[in-house]
Every structure is written in C-alpha cells, then in structure tokens.
Amino acid sequence: MQTYKKILLAAAVSMAFSASALAETLKMGIEAAYPPFNNKDASGQVVGFDKDIGDALCAKMKVECTVVTSDWDGIIPALQTKKFDFLISSMSITDERKQAVNFTDPYYSNKLQFIAAKKDAEFKTDKASLKGKIIGAQRSTLAGSWLEDHLGSDVTIKLYDTQENAYLDLQAGRLDAILADKYVNYEWLKSDAGKAYEFKGEPVEESDKIGIAVRKKDDALRERLNAALKEIIADGTYKKINDKYFPFSIL
C-alpha cells in the first residue's frame with residue numbers, strides 16, 4: 001500500500017511539473033520609476049497601477065507573467081528586441097509611436113497639467129505668462145512633446161530621464177514649473193516633497209489615451225489583451241485596482 005501511495009504521489013508531482021512546464025509565460029515591460037503607476041517598493045519589487053493591471057490581464061488570459069524593467073528612453077527598442085512581450089508602462093498612444101509598435105485599446109485616460117510652487121500665486125499658464133520660464137518634463141513623453149510643440153522658443157525646456165529627477169530640480173529651484181501627467185503630479189503633490197507645490201491652471205491636454213504596446217506582428221497577443229481588458233472592466237476587477245490608487249475613475 002505504501003509503495004502504491006508513493007507511485008501515485010510521484011505521478012501527481014510529475015503531472016503538476018509537466019503542466020507547469022507547459023504553461024505559457026509572458027514578460028511584461030515596465031519602467032518602474034513612475035509612481036503611482038509603476039515603481040519599486042522597499043524590497044525592490046515592482047509595484048503600482050500598471051503592474052496590478054498587468055497581473056489582472058495575465059490572470060484572465062491564464063498565463064504566467066514576469067516583470068522586466070527598462071529605462072524609459074530605451075523601452076520601445078527593448079520591446080522590439082524581444083526583451084519582453086508587451087509593454088504596460090503608462091505609455092501615451094501617439095501617431096509617432098504607432099509607427100514602431102501596435103497598441104491595445106486604452107486602459108486609462110490622462111491629462112497634462114502644470115505644477116509650480118504655492119508661493120508663486122501669480123503663476124499663470126498662458127503662453128505670454130510662461131515666456132522666459134524654465135519648464136521641466138520627462139524626456140520622450142507627451143508632456144515633453146507638448147512643450148516643444150506649443151511653447152518652443154518661448155520657454156527654456158529641460159527634459160529628464162525620469163520624472164523623479166524633474167521633481168528634484170523643481171525642489172532645488174532650477175525649474176519654475178513642471179508639466180506632467182495629472183495623476184502622477186497628483187501623487188507627488190500628496191507627498192512631503194510636494195507639499196509646497198500645487199496645480200496651476202487647467203489641464204493643457206485632456207485627450208491623452210494610455211495603451212499597452214506590443215510588437216507590430218503580435219496582433220494575436222494584442223487581441224487577447226483587449227479581450228482580457230474588457231473582462232476586468234466588466235467584472236469589477238479594474239475598479240478595485242483603480243480605487244486602490246485614486247478616489248476617482250481614470251478609465
């Protein structure tokens with residue numbers, strides 16, 4: 001009897017191992033430097049809204065997913081060279097990026113808004129008032145492109161490799177203001193570092209849609225992600241993740 005039990009146990013372990021070995025594994029690319037959407041916790045684990053949405057989508061697709069981090073400047077080339085299978089890192093869907101990658105349906109909507117010091121009560125965001133100011137933004141983002149397209153020679157634009165470095169220069173007095181995603185600014189303004197700053201003016205861009213990027217020929221994966229996204233919205237999973245980070249809907 002003991003021998004029989006051992007045989008059954010060995011068979012069960014073998015079957016479990018085989019099932020695990022056959023399970024599909026996908027890699028999701030994340031910058032991990034853009035809280036609350038993506039960041040690293042004290043233990044070095046990637047956390048944030050993007051990570052939680054990615055995990056939920058993988059669960060719906062019944063696949064195992066691992067995280068691969070990448071610097072923002074090289075994140076699309078990293079996707080193209082197959083360092084990961086899909087990119088979920090708060091990336092704006094733009095015509096320029098569509099030439100390099102394909103996007104899923106948007107998984108949230110974004111706005112661009114300035115922040116500056118509270119003490120600068122007269123700070124205004126119209127073109128004439130901004131003339132001569134030093135404005136910061138993260139490099140290779142919609143905010144950076146907006147500044148170059150709309151303010152160009154009227155302001156001094158400083159672009160940063162990470163959003164955090166832009167905030168550090170604002171605190172150090174090397175910037176008059178920052179233009180960034182409203183919800184990223186919202187998170188920073190709640191912190192001790194951001195308590196002396198506030199939103200200025202109305203959002204300058206309100207039609208920014210954020211999507212998941214896949215390689216040009218990965219239409220099958222894009223459709224699977226789209227189907228999974230519809231499922232997590234329909235069953236309330238998306239709302240639970242949204243409410244974990246924001247007291248309002250960003251869908």
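Residues numbered from 1 in each chain as written. Predicted model: local features only at pLDDT ≥ 70, side-chain atom pairs only at ≥ 80, totals over all residues. Heavy atoms only, no water.

Enquirer: What's the story with helix H6 (residues 142-150) in this structure? I'm lost.
Expert: Spacing of three or four residues puts side chains on the same side of an α-helix, whose turn is 3.6 residues. Restricting attention to buried positions, one finds in H6 the residues Ala143, Gly144, Trp146 and Leu147. Buried residues of H6, seen end-on, are gathered within an arc of 160° and therefore sit on one face of the element. Close packing links the buried residues of H6 with strand S7 (108-117), strand S8 (134-138), strand S9 (156-160), strand S10 (177-181) and strand S11 (197-214). Just downstream of H6, Gly152 is the residue with a positive phi angle, here 35°. (Buried < 20%, exposed > 50% of the residue type's maximum accessible area, 1.4 Å probe, protein only. Helix = DSSP H or I, 4+ residues; strand = E, 2+ residues; numbered from the N terminus. Arc of directions from axis to C-beta. Contact = heavy atoms within 4.5 Å.)

Enquirer: Where do I start with the confidence of the model for the protein chain in this structure?
Expert: Regions with low pLDDT should not have their predicted coordinates read in detail. The share of residues in the protein chain with pLDDT of 70 or more is 91%, and the mean pLDDT across the chain is 93. Across residues 16-21, where pLDDT falls below 50, the model places zero contacts with residues more than four positions away in sequence or in other chains. (pLDDT = per-residue confidence, 0-100.)

Enquirer: What exactly am I supposed to notice about the environment of Ile30 here?
Expert: Tracing the backbone shows Ile30 in strand S1 (residues 25-30). C-alpha separation for the pair Ile30 and Leu179, spaced 149 residues apart in sequence, amounts to 22 Å. What Ile30 contacts, discounting residues up to four positions off in sequence, is Asn38, Val46, Lys51, Val67, Val68, Thr69, Ser70, Ile75, Ile88 and Ser89.

Enquirer: Just checking my understanding: could you explain the packing of aromatic side chains for this structure?
Expert: Any aromatic ring pair is given by two values, namely how distant the centres are and how the planes are angled relative to each other. Evaluated as defined, the whole model comprises 19 aromatic pairs. An angle of 0° between the planes, with centres 4.2 Å apart, marks the rings of Tyr167 and Trp188 as stacked. Here Tyr167 is found in helix H7 (residues 163-171), whereas its partner Trp188 is found in helix H8 (residues 182-189), with 21 residues between them in sequence. For Tyr167, a relative accessible area of 3% puts it in the buried group. Each ring, one from Tyr245 and one from Phe246, has its centre 6.5 Å from the other, and the planes form 45°; the classification is tilted. Here a set of aromatic residues connected by ring pairs shows up, and it is made of Tyr34, Phe37, Phe49, Tyr107, Tyr108, Tyr183, Tyr186, Tyr238, Tyr245, Phe246 and Phe248. (Phe/Tyr/Trp six-rings, centres within 6.5 Å; stacked < 30°, edge-to-face > 60°.)

Enquirer: How do you make sense of the side chain of Thr141 when you look at a structure like this?
Expert: Residue position: Thr141 is located in the loop between S8 and H6. Looking at Thr141, its side chain comes within polar contact range of the main-chain nitrogen of Gly144, at 3.2 Å. Beyond its immediate sequence surroundings of up to four residues, Thr141 is in contact with Trp72 and Arg97. (Polar contact = N/O pair within 3.5 Å; in protein donor to acceptor, adjacent residues only side chain to side chain.)

Enquirer: Looking at this structure, how should I read unusual backbone geometry?
Expert: Glycine aside, a negative phi is what most residues show, and trans is what most peptide bonds show. Note the cis peptide between Pro35 and Pro36, where omega equals 5°. Looking at the element boundaries, Pro36 is found in the loop between S1 and strand S2 (39-40). Its identity as a non-glycine residue notwithstanding, Ala32 has a phi of 65°, on the positive side. By the element assignment, Ala32 lies in the loop between S1 and S2. One non-glycine residue, Ser140, lies in positive phi territory at about 60°. For Ser140, the position within the fold is in the loop between S8 and H6. Residue classification places Ser140 among the partly exposed positions, given a relative accessible area of 41%.

Enquirer: Please explain the nonpolar core as it appears in this structure.
Expert: Soluble, globular proteins show a tendency: their nonpolar side chains are buried together. Phe37, Phe49, Ile53, Leu57, Phe86, Ile88 and Tyr107 are the most contacted members of the largest nonpolar core, which has 45 residues in total. The biggest single contributor to this core is helix H2 (residues 49-61), with six residues. Among residues more than four places away in sequence, those in contact with Tyr107 are Phe49, Asp50, Ile53, Ile88, Ser89, Ser90, Ile210, Gly211, Ile212, Leu229, Tyr238 and Leu251. Among the nonpolar cores identified, the runner-up in size contains 14 residues, and Ala137, Ala143, Val155 and Ala177 belong to it. (Core = buried A, V, L, I, M, F, W, Y, C linked by side-chain atoms within 4.5 Å.)

Enquirer: Explanation requested: the packing of H7 against H8 in the structure shown.
Expert: A packed helix pair is summarised by two numbers, namely the angle formed by the two axes and the spacing between the axes. In the contact formed by H7 and H8, the axes pass within 12 Å of each other and the chain directions differ by 55°. Taken together, the axes of H7 and H8 lie oblique to each other. Where H7 crosses over H8, the two elements pack in a sense that is right-handed. Contact with H7, carried on its side by Gln163, Tyr167, Leu170 and Gln171, involves Val184, Asn185 and Trp188 of H8 and no other residues of that element. Of the residues that constitute the contact of H7 with H8, the class distribution is four nonpolar, three polar and no charged. (Axes fitted to C-alpha atoms, helices over the stretch in contact; angles between N-to-C directions. Parallel < 35°, antiparallel > 145°, perpendicular 65-115°, else oblique. Left-handed = near helix turned anticlockwise from the far one by under 90°. Nonpolar A, V, L, I, M, F, W, Y, C, P; charged D, E, K, R; others polar.)

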